[in-house]
Amino acid sequence: MTDLLSMLANRADADPGQGLHDFAASLFPICRSITGDGVRQTLARLGERLPLEVVEVPSGTPVLDWTVPSEWNICDAYIRDAAGRKVVDFREHNLHVVNYSIPVRAKLPLTELKKHLFSLPDHPAWIPYRTSYYQESWGFCLTHRQLESLADGEYEVCIDSTLQAGSLTYGECVLPGTSDEEVLVSCHVCHPSLANDNLSGIVVAAALAELLRGTAHRFTYRFLFIPGTIGAITWLARNHDAVGRIRHGLVLTCVGDSGGFHYKKSRRGGAEIDRATAHILHHQSEGAKILDFSPYGYDERQYCSPGYDLPVGCLMRSVWGTFPEYHTSADNLDFLKAEALAESLQVCAGIFDVIENNHTYRNLKPHGEPQLGKRNLYRSVGGTNPKQIMLARLWVLNLSDGTNSLLDIAERSGLPFNEIRHAAESLMNADLLIPTISPERTTL
Ligand code: ZN
């Protein structure tokens, strides 16, 4: 029986959150984008931990209604003042360059240069994150203080980048289960030095994959490490067969800040992943909020587009765009909290425990209550909360008429899924319960 939460609790490393934070710190300096060597370097690090297949799709390949773009790489970029001093330097922070900027070498007066400069007047010490993916342009991002300190005069700008035919790169880690039905876990790998919006999803997904590798599981798990939007579209265009096997899915993003959890439901709204996640958050994390689906946000937009309508939700802590650090240099390693990452991993483990073990059973003695005392199942239960254990057994016996799954029973009883699952286990061992078909098959 898959029990990821117990595996996590019994692990030797005293502080799993610190391990996640350390991994994020090692990935932080890499200048990623939707294509190019930054993604490859990131995937190479993941490949040291996971069986990762790296896929290269050539620029110009049609993918659904889109086309794989040119590959972008960057060596250096700076702005020099008239005295030759570097006043903005890509090597100090990769957010200084508008991501996907075309190469440029020019001398121009401040008034002209300012058309290509971006800052945040409300947060004068932060550098904004800007991209120019789908229109050719160039620019620099800088702190508002830097901008205000620029004197009139001529400036030299250099962006030593390339934007040419190459490929889009993504990584895929497939962990086969006893069934070929799949669980999709997707996170974006296209942001440069941003911690919560990017690295948090990557390191939690990687830790989940490592955890699942160490145990038997029913579902086949497919972890995607892909550039946002175009990566998901590219994967969907190339994987028609796998798409048909997806039974549950989660997009992981912004799971490392100290804010409370938010779960955005799939387009279906009542999918098992939606219910499992709401259940786990209700019992494992106080104050979590459940959000309805909207066609905006991360790659759930693609997985939940009407032609696919996959049961894929999005797990976040703070919601993108609602915290001031979002898409700025303040989304850094200090903003990422080890204990928040560890808690996010626990929530995901709890969710997968539910979907792995959510079977439906039939009570073999449904006429009157079976006599639990003579089977050693009454009062002798022990444990930390014997009354709850007893209640869970009574709920499972009562509702196991072949139509209610364990999650149905957990929801109706108000008891945690784990308690219900353990009750079913002990009733099975006493020959009072047999499994019927698993619930996800009934909805195919
Ligand atoms: Zn973002």
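In this text, all values refer to a predicted model and were calculated from it rather than measured experimentally. (Residues numbered from 1 in each chain as written. Predicted model: local features only at pLDDT ≥ 70, side-chain atom pairs only at ≥ 80, totals over all residues. Heavy atoms only, no water.)

Brief notes about the coordination of the zinc ion
The coordination sphere of the zinc ion contains the protein donors His191 (NE2), Asp197 (OD) and His327 (NE2), at a distance range of 2.0 to 2.1 Å. One chain supplies every donor to the zinc ion, and in sequence these donors are spaced H-x5-D-x129-H. Here histidine 191, found in the loop between strand 11 (182–188) and helix 6 (195–213), pairs with histidine 327, found in the loop between strand 16 (312–316) and helix 11 (338–357); they are 136 residues apart in sequence, far enough to count as distant. Assessed through its relative accessible area of 22%, histidine 327 is described here as partly exposed. (Donors = N, O, S within 2.8 Å, 3.2 Å for Na, K, Ca; no water. Helix = DSSP H or I, 4+ residues; strand = E, 2+ residues; numbered from the N terminus. Buried < 20%, exposed > 50% of the residue type's maximum accessible area, 1.4 Å probe, protein only.)

Let's talk about the environment of glutamate 411
By the secondary structure assignment, glutamate 411 is in helix 13 (residues 406–413). Given a relative accessible area of 39%, glutamate 411 falls into the partly exposed group. For the pair glutamate 411 and alanine 278, spaced 133 residues apart in the sequence, the C-alpha separation amounts to 9.9 Å. A polar side-chain atom of glutamate 411 sits 2.8 Å from a polar atom in the side chain of arginine 275. (Polar contact = N/O pair within 3.5 Å; in protein donor to acceptor, adjacent residues only side chain to side chain.)

As for the environment of leucine 291
With respect to the element layout, leucine 291 can be found in strand 15 (residues 289–291). Taking the C-alpha atoms as reference points, leucine 291 and glycine 313, 22 residues apart in sequence, are found 9.8 Å from one another. Filtering out sequence-adjacent residues up to four positions away, leucine 291 remains in contact with His262, Tyr263, Lys264, Lys265, Met316 and Val319. (Contact = heavy atoms within 4.5 Å.)

A look at the sheet that holds strand 4 (residues 71–80)
Taking strand neighbours across the sheet as the criterion, the four strands line up as 5-4-9-6 in an open arrangement whose pairing is antiparallel. Where the open sheet ends on each side, the last strands, each with one partner, are strand 5 (86–89) and strand 6 (104–109). Neighbouring strand axes in the sheet, compared pairwise and without regard to direction, differ in orientation by 20° on average. Two elements, strand 4 and strand 5, share three bridges in a ladder whose sense is antiparallel. Within strand 5, the residue paired with tyrosine 78 across the bridge is aspartate 89. (Pairing = 2+ DSSP bridges. Axes fitted to C-alpha atoms, helices over the stretch in contact; angles between N-to-C directions.)

A short note on the domain arrangement of the protein
When the domains of the protein are assigned, the result is domain 1 (4–68 + 167–357), domain 2 (71–164) and domain 3 (360–435). A separation of 31 Å is found between the C-alpha centroids of domain 1 and domain 2. Listed by partner, the interface residues are 25 residues for domain 1 and 20 residues for domain 2. In this assembly, domain 1 packs against domain 2 so that about 1,700 Å² is buried in total across both faces, 57% of it on carbon and sulfur atoms. (Domains from an automatic or database assignment. Buried area = accessible area lost by both parts, 1.4 Å probe.)

Some remarks on the pattern of salt bridges
Applying the stated rule across the entire model yields 19 salt bridges. Arginine 85 serves as the salt-bridge partner of aspartate 81, at 3.0 Å between the closest nitrogen and oxygen. Taking relative accessible area as the criterion, aspartate 81 reaches 13% and is therefore assigned buried. Members of the salt-bridge network, linked through shared partners, are Asp37, Arg40, Glu56 and Glu71. (Salt bridge = Lys/Arg side-chain N within 4 Å of Asp/Glu carboxyl O.)

So, helix 14 (residues 417–429)
With 13 residues, helix 14 should cover 18 Å at 1.5 Å per step; its first-to-last C-alpha distance of 18 Å lies within 8% of that length. Considered for burial, the residues of helix 14 that qualify are Phe417, Ile420, Arg421, Ala423, Ala424, Ser426 and Leu427. Tucked inside the fold, the buried residues of helix 14 contact helix 9 (272–284), helix 11, strand 17 (360–363), helix 12 (386–399), helix 13 and strand 19 (433–435). At the exit of helix 14 stands aspartate 431, carrying a positive phi of roughly 60°. (Expected span 1.5 Å × (residues − 1).)

Regarding the sheet that holds strand 12 (residues 220–226)
With mixed pairing, the eight strands of this open sheet are ordered in space as 1-10-12-11-13-16-14-15. Each of the sheet's edge strands pairs with one partner strand only, and the pair in question is strand 1 (53–58) and strand 15. Between one strand axis and the next, the sheet turns through 20° on average, direction left out of account. Bridge count between strand 10 (residues 167–175) and strand 12: five bridges; the pairing is antiparallel. Pairing of glutamate 172 across the sheet is with leucine 224, part of strand 12. Here helix 6 sits on the sheet and contacts strand 10, strand 11, strand 12 and strand 13 (246–252); the angle it forms with strand 12, its principal contact strand, is near 155°.

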